[in-house]
Amino acid sequence: MRILLCNDDGFRAPGIEALYEALRPLADVEVVAPEHNNSAKSNALSLHSPLYVHEASNGFRYVNGTPADCVHIALTGLLGYRPDLVVSGINNGANMGDDTIYSGTVGAAMEGYLFGIPAIAFSQTERGWSHLDAAADKAAELVKRLLPSVADASERGEPWLLNVNVPNRPASELKGFKVARLGRRHAAQQVIMQQSPRGETMYWIGGAGPAKDAAEGTDFHAVAQGHVTITPLQIDLTDHERLPYWVPLAQQLSEDGTP
């Protein structure tokens with residue numbers, strides 16, 4: 001079995017190093033990760049600047065681009081083979097609720113999913129890498145259980161995309177895995193304004209807001225109870241329930257524009 005490993009914190013991040021060591025006994029693992037931190041880059045691809053690939057002393061390859069760039073070029077020519085699984089992480093901080101829209105960690109995994117390959121994004125729920133060994137062990141436990149089925153899923157054209165969040169707790173305090181839906185956050189904190197040395201106003205994006213929907217069944221609720229959450233994601237953003245609502249407007253606009 002062959003795994004492509006990426007992240008958004010950069011190839012030197014403790015999270016990707018710990019995950020690499022945890023997955024090595026399970027499969028052939030190849031790392032293609034960003035050169036620098038690319039948090040909140042989502043699915044962005046670099047279309048107007050060249051990308052370069054370099055190899056670090058530990059064998060990791062790194063790219064001067066986004067997480068999605070890394071997976072994209074790996075799958076379209078760099079590797080020379082099709083991996084069985086794409087894994088992203090372990091991220092330095094949660095990717096729950098609305099975080100998944102912005103997350104570079106999820107974006108890397110999603111890029112693999114878009115190519116028809118099963119993919120998993122792993123994150124720790126708090127920043128700082130505390131109890132990273134326990135998080136890596138939980139990630140390896142899940143991957144080990146899923147590996148026998150990933151080839152079939154890929155061949156059938158039925159890949160899956162999982163978003164996994166691990167609380168920063170010792171292994172003895174983790175309560176196991178729990179499937180959960182995405183919660184919701186309140187709006188982000190206000191922008192931070194500062195004055196540059198040249199007298200210009202600088203703007204820094206504010207931090208993520210607190211949980212708005214942390215009801216039972218959400219990822220926010222489950223991790224607060226000490227569970228490792230598994231959330232299956234999909235790409236279709238269509239609001240299917242409200243499609244009929246917009247049909248009359250489209251018809252009216254069409255009739256008004258008819259000569």
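What counts, and at which threshold
Residues numbered from 1 in each chain as written. Predicted model: local features only at pLDDT ≥ 70, side-chain atom pairs only at ≥ 80, totals over all residues. Heavy atoms only, no water. Buried < 20%, exposed > 50% of the residue type's maximum accessible area, 1.4 Å probe, protein only. Helix = DSSP H or I, 4+ residues; strand = E, 2+ residues; numbered from the N terminus. Pairing = 2+ DSSP bridges. Right-handed = clockwise from strand over helix to strand, strands pointing away. Patch = residues over 30% accessible without salt bridge, like charges linked within 9 Å, V, L, I, M, F, W, Y side chains within 5 Å. Areas by Shrake-Rupley, 256 points an atom, 1.4 Å probe, with all protein chains shown as cover. Salt bridge = Lys/Arg side-chain N within 4 Å of Asp/Glu carboxyl O. Core = buried A, V, L, I, M, F, W, Y, C linked by side-chain atoms within 4.5 Å. Contact = heavy atoms within 4.5 Å.

Trainee: How would you sum up the pairing of strand β2 (residues 28-34)? Please name residues and give values.
Mentor: Taken across its seven residues, β2 has five buried, putting it largely inside the fold. With four bridges joining them, strand β1 (residues 2-6) and β2 adopt parallel strand pairing. Residue pairing in the sheet places Ile-3 in a bridge with Val-29 of β2. Handedness of the crossover joining β1 and β2 through helix α1 (residues 14-23): right-handed. The pairing of β2 with strand β4 (residues 61-63) spans three bridges and is parallel. Among the inter-strand pairings, Val-32 is bridged to a residue of β4, identified as Arg-61.

Trainee: Residues and numbers for a nonpolar patch on the surface, please.
Mentor: A cluster of nonpolar residues, Tyr-245, Trp-246, Leu-249 and Leu-253, forms a patch on the protein surface that exposes about 460 Å² of accessible area. Relative to the helices and strands, Tyr-245 is located in helix α7 (residues 243-256). Exposure remark for Tyr-245: the relative accessible area of 51% places this residue in the exposed category.

Trainee: So what's going on with the nonpolar core? Residues and values would help.
Mentor: One finds Ile-3, Phe-122 and Val-164 to be the most contacted residues of the largest nonpolar core, which totals 40 residues. Within the residue set of this core, elements represented by two or more residues are β1, α1, β2, β5 (85-91), β6 (119-124), α5 (132-155), β7 (161-166) and β13 (228-233). In this structure Phe-122 touches Leu-19, Val-87, Ser-88, Gly-89, Ile-90, Asn-91, Thr-105, Ala-139, Leu-142, Val-143 and Val-164, once residues within four positions along its chain are discounted. Within the second largest apolar cluster, 19 residues are counted, among which are Val-32, Leu-79, Ala-119 and Ala-121.

These results come straight from atomic positions and should not be treated as a statement about function.
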